[in-house]
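# Tertiary structure, described
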Amino acid sequence: MRTARVGLRVTPAQRERCFGLLVAAGDVWACVLDVNRWRRQRGLWAVASYQALCQELSAAGPGTFGELDTKGARSVLRRYSDAWFAAAKRRKNGDASARFPRRKRRLMPVRYYHGTFTLEDRRIRLPVSRGCVPLWVRLDREVPYPVEQVRSVTLLNEGGRLFVEVTAEVPVTTYAPGTEPDPDRVAGVDPGVIHPFAVAGPDGEGLVVSGRAIRAESHLHLKDTKRRRRTMAVRAPKPGQVGSRRWRKFRARQRKAGRHHHHQRSARMYADFQFEIYLGGLNDVLPSLPTDLTRLEALAREKLPREAYDYVAGSAGTGDTAVANREAFRRRRIVPRMLRGVTGGDLTTQVLGTELPAPVVLGPVGVLRIVHPEGELAVARAARALGLPMVLSTAASHTLEEVAEAAGSRWYQLYWPGDRDLAVSFLERARAAGYTALVVTLDTFTLAWRPGDLDNAYLPFLRGIGIQNYLADPVFTAKAGDDPILHWAGVFGNPGLTWEDLAFLREHWDGPIALKGVQATDDARHAVDAGMDGIVVSNHGGRQVDGAVASLDALPIIAHAVGDQIEVLFDSGVRTGADVVKALALGAKAVLLGRPYVYGLALDGEAGVRHVLRCLLAELELTLRLSGHDAIAALSSDSLHEQA
């Protein structure tokens, strides 16, 4: 099977109808997640796969999601309401620990299978309810496969733009070693999408879209835009009047749409940084640091004390994993496309509920005070200046409250301690300090064998650096006694954690949660089943397991396995803007940057971090545009060529 992503050219009315389909899908999927969470809390077996869910719905009735008046769909919604009323009853009886199920609406892709849609030249007709106006939508370009080979199309949204992902069955397909399809997946099963327009296939295997099942449009008030505007114009208030509630809601929607389009027009042009440098040269002003970010490591090595440099740049064992990370990037080459009408580069995206001006996040790096006195504070200020989120490490050398005062958008990274009371205290402090997302590192429940640190006999935590969040925590200090460092050593790791323990995080954190350190497809699926919001495909920059798989090699396999069920982020080995483009093309929604900004911090403090970020973003935008793409959403695996 081959896939290609094609953009849509839609009118405002068509755009509203398409987004209505995605919203309806998110509504039912939110109920499904809540049902699973509710069943786990009561000791019932959770629906482990989509096939099992279809079987359960089939047993309850016709098995139709979209027909909201059928017994099958009512069974899903009924279980959701049962969970809500059960929690209400427990609260009424004095049980303060009872929690209500939470519906987290989001847009979900909608997949249509062969026979339910029509492709004609540069147009596609999506199935609609009986009696509705046919939904014909123009495509940006022709579908690169013959119509008779197309098996499905998926309507999806990225960064506010609409696309269809066309899947075709080509006569001959050759798979590179390690990229073969998973034999456990049943043909026709779509593991990435559950939407309200699907019915269970034979014996509950797979989900088949039926055009007859689409009736959500009437519930979402997807009327013709022009007719609604004419109607609302008649009801417009006279000067000095407030207007009806319906009129005010209509105007609010119009203003929101206007802000969205203005945001798209005013997107930052990071590439202008190069002209700033060239113009500075007219006055004999040169950049304070190299613009080739791969040169920073050598300069940092000359400046930093040996133990500090080895701690930052060091890897586990022989360093083979770190080398593999870079080799994986070198094997993949960008394929530039010409005459594509690239007039701008839209880097905006949304990840873990955060609007990003570019798909770059400053990853969690601890003990930064060993490279610069201001440490995380300087990094936070630099990230805020460019509007990028910073992920603060539990092992930071400044407290999370101190960093929050200097930072803009911020996420919190948790090293899950062995003391659960301490973990809860960390989460409560992070939430109170304005951290909006939680990144849980799974691969560092104990330190790895790192010869660089061992040869120097250097571990900053034992010298009181990197435990500031612990020393400032009331739960930790109450139990630490006279030797807080010894107590830290006893609670830092938690090797006994299992997938079932993730429910504990959900109880104590009401924001998005991402799991960092995922390298296997089974672990990614476990994260989906646990209701996590994101995963970070990462091998910790090669610092934990020597000889591990390169993160970039694992990325496309994991991204394909989970589809759009969960947001996929990436780190490990990223050094340049071109590296970011490659990771995005292979399925990452955003990239976490690590060592490069630490080297910039070591060389020039806050200004050094800002220089690194501006260089990276400028190169990212230029590489994107010069390769023939005007938005990161247009990237796909077809944008790369992998060398043997």
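Residues numbered from 1 in each chain as written. Predicted model: local features only at pLDDT ≥ 70, side-chain atom pairs only at ≥ 80, totals over all residues. Heavy atoms only, no water.

### Observations concerning the overall build of the protein
Applicable threshold: Counting from the N terminus, the helices are DSSP H or I runs at least four residues long and the strands are E runs at least two residues long. Three exposure classes are used, based on accessible area relative to the maximum for each residue type with a 1.4 Å probe and protein chains only: buried under 20%, partly exposed in between, and exposed over 50%. Every residue pair with non-hydrogen atoms within 4.5 Å of one another is taken to be in contact. All accessibility values rest on the Shrake-Rupley procedure with a 1.4 Å probe; residue burial counts only the protein chains present in the view.
For the protein, the count of helices and strands is 22 helices and 21 strands. Out of the 644 residues in the protein, the part that is buried amounts to 52%. In the protein, the proportion of contacts linking residues at least 24 apart, taken out of those at least 6 apart, comes to 72%. Accessible area for the protein stands at about 29,900 Å²; split by element, carbon and sulfur atoms hold 53% of it.

### Quick look at the sheet that holds strand β5 (residues 135–139)
For the record, the criterion: For two strands to pair, DSSP has to find at least two bridges joining them. To get an axis, a line is fitted to the C-alpha atoms, and for a helix only the part in contact is used. The angle between two axes follows their N-to-C directions and goes from 0 to 180 degrees.
Strand order in this open sheet of 7 strands is β2-β6-β7-β1-β5-β4-β3, and the pairing throughout is antiparallel. Looking along the sheet, the strands with just one partner apiece sit at the ends: β2 (110–113) and β3 (118–120). When the angles between neighbouring strand axes are averaged without regard to direction, this sheet yields 30°. Summarising the sheet, β2 and strand β6 (residues 150–158) pair through 4 bridges and their orientation is antiparallel. Residue pairing for β6: Tyr 112 is matched across the bridge by Val 153.

### With respect to helix α19 (residues 521–529)
Two residues of an α-helix separated by three or four positions point the same way, owing to the 3.6 residues in each turn. Our working rule: The arc in question is traced by the directions running from the helix axis to the C-beta atoms.
For α19, the set of buried residues is Ala 524, Ala 527 and Val 528. On an axial view of α19, the arc spanned by its buried residues comes to 100°, and they lie on one face. Two residues or fewer after α19 comes Gly 531, characterised by a positive phi angle close to 80°.

### Remarks on unusual backbone geometry
With the exception of glycine, the majority of residues adopt a negative phi angle, and the majority of peptide bonds are in the trans configuration. Phi is positive for Leu 339, which is not a glycine, with a value near 50°. Residue placement: Leu 339 occurs in the loop between β10 (332–334) and β11 (349–351). Residue classification places Leu 339 among the exposed residues on the basis of a relative accessible area of 89%.

### Thoughts on helix α22 (residues 595–626)
Counted only if it meets this: Given the number of residues in a helix, its expected span is that number minus one, multiplied by 1.5 Å. Two axes are fitted around each residue, one to the seven residues ending there and one to the seven starting there, and the angle between them is reported as the bend at that residue.
In this model, α22 (32 residues) spans only 26 Å end to end at C-alpha, well below the 46 Å of a helix rising 1.5 Å per residue. Most pronounced at Asp 604, the bend in α22 amounts to some 140°. The element α22 is extensively covered by neighbouring structure, given that 23 of its 32 residues are classed as buried. A positive phi of about 100° marks Gly 628, the residue just after α22.

### Considerations on the side chain of Thr 354
Worth spelling out the cut-off: Contacts described as polar in this section are N or O atom pairs within 3.5 Å, which, within protein, must combine one atom able to donate a hydrogen with one able to accept it, while residues neighboring in sequence count only if both atoms come from side chains.
Topologically, Thr 354 is positioned in strand β12 (residues 354–356). One polar contact links Thr 354 to Trp 411, side chain to side chain, over a distance of 3.1 Å. Residues in contact with Thr 354, not counting those within four places in the same chain, are Thr 349, Pro 389, Ser 409, Trp 411 and Thr 436.

### Overview of the environment of Leu 156
Within the secondary structure layout, Leu 156 lies in strand β6. The spacing of Leu 156 and Arg 111 is 45 residues in sequence and 8.7 Å in space, taken between C-alpha atoms. Dropping the residues within four chain positions of it, Leu 156 is found in contact with Arg 5, Leu 22, Pro 109, Arg 161, Leu 162, Phe 163, Glu 165 and Asp 564.

### Some words on the environment of His 540
One can find His 540 in the loop between β18 (534–537) and α20 (551–562). Judged by its relative accessible area of 13%, His 540 falls in the buried class. Leaving out residues up to four positions away in the same chain, His 540 has contacts with Tyr 415, Thr 441, Asp 443, Thr 444, Lys 516 and Ser 572.

### Here's the deal with the pattern of salt bridges
Side-chain pairs of opposite charge can arise whenever the charged atoms involved come near each other. What counts here: Throughout this description, the term salt bridge denotes a Lys or Arg side-chain nitrogen within 4 Å of a carboxyl oxygen of Asp or Glu.
All told, the structure shown has 29 salt bridges when counted by the stated rule. Among the salt bridges present, the one from Arg 332 reaches Asp 553, with a minimum N-O distance of 2.9 Å. Placement of Arg 332 in strand β10 and of Asp 553 in helix α20 is noted, with a sequence separation of 221 residues between them. Residue Arg 332 is classed as buried on the basis of its relative accessible area of 6%. Where Asp 571 meets Lys 516, a salt bridge forms, and the shortest distance between an N and an O atom there is 3.5 Å. Here Asp 571 is found in the loop between β19 (567–570) and α21 (577–585), whereas its partner Lys 516 is found in strand β17 (residues 513–518), with 55 residues between them in sequence.

### So, the side chain of Thr 349
By the secondary structure assignment, Thr 349 is in strand β11. Excluding residues that lie within four positions of it along the chain, Thr 349 makes contacts with Thr 354, Glu 355, Leu 356, Pro 359, Lys 589 and Ile 632.

### Side note on the nonpolar core
Our working definition: We define the nonpolar core as a collection of buried residues of types Ala, Val, Leu, Ile, Met, Phe, Trp, Tyr and Cys that are connected through side-chain atoms lying within 4.5 Å of one another.
Counting residues in each nonpolar core, the largest one holds 113 residues, and the members touching the most others are Tyr 435 and Phe 570. Examining the composition of this core, we find that 15 residues originate from one element, α22, more than from any other. Residues within four places of Phe 570 in sequence aside, it is in contact with Phe 329, Val 536, Val 537, Ser 551, Leu 552, Leu 555, Ala 583, Ala 588, Ala 590, Val 591 and Leu 592. Counting residues in each nonpolar core, the second largest holds 26 residues, with Leu 8, Leu 119, Ile 124 and Leu 162 among its members.

### Concerning the confidence of the model for the protein
Applicable threshold: On a scale of 0 to 100, pLDDT captures the predictor's confidence in every residue.
This prediction gives the protein a mean pLDDT of 81; 74% of its residues lie at or above 70. A low-confidence stretch, residues 181–224 stays under pLDDT 50, and its non-local contacts, those more than four residues away or across chains, total 116 contacts. Scored below 50 in pLDDT, residues 259–267 shows 6 contacts in the model against residues more than four places distant or in partner chains.

### Focus: the packing of aromatic side chains
Where two aromatic rings form a pair, the distance of their centres and the angle of their planes describe that pair. Stated precisely, the cut-off is as follows: Ring pairs shown here join Phe, Tyr and Trp side chains whose ring centres sit within 6.5 Å, with only the six-membered ring taken for Trp; geometry is labelled stacked below 30 degrees between planes, edge-to-face above 60, and tilted in between. Counted as over-ring charges are cases with an Arg CZ or a Lys NZ within 6 Å of the ring centre that also lie within 35 degrees of the ring normal.
Under the counting rule described, the total for this entry stands at 9 aromatic pairs. With a centroid separation of 5.4 Å and an interplanar angle of 55°, the aromatic rings of Tyr 415 and Phe 492 are classed as tilted. Here Tyr 415 is found in the loop between β15 (410–414) and α13 (420–432), whereas its partner Phe 492 is found in the loop between α17 (484–491) and α18 (502–508), with 77 residues between them in sequence. Like Tyr 415, the residue Phe 492 is buried in the burial classification. One aromatic cluster in this structure is built from Tyr 415, Phe 461, Trp 488 and Phe 492. Above the ring of Tyr 435, the side-chain terminus of Arg 410 is found at 5.6 Å from the ring centroid.

### Digging into the pairing of β5
Of the two faces of β5, only one is covered, namely that formed by Leu 135, Val 137 and Leu 139; the face formed by Trp 136 and Arg 138 stays uncovered. Bridging between strand β1 (residues 2–9) and β5 involves 2 bridges; their strand directions are antiparallel. Residue pairing across strands places Arg 9 opposite Arg 138, the latter belonging to β5. Bridge count for strand β4 (residues 123–126) against β5 is 4 bridges, and the pairing is antiparallel. Looking at β5, one finds that Arg 123 is bridged to Arg 138.

### Some remarks on the environment of Arg 331
Mapped onto the secondary structure, Arg 331 falls in helix α10 (residues 320–331). Sequence separation between Arg 331 and Ala 644 is 313 residues, and the spatial gap between their C-alpha atoms is 7.3 Å. When neighbours within four sequence positions are excluded, Arg 331 is seen to be in contact with Asp 553, His 641, Glu 642 and Gln 643. Among the polar contacts made by the side chain of Arg 331, one reaches the side chain of Asp 553 at a distance of 2.5 Å.

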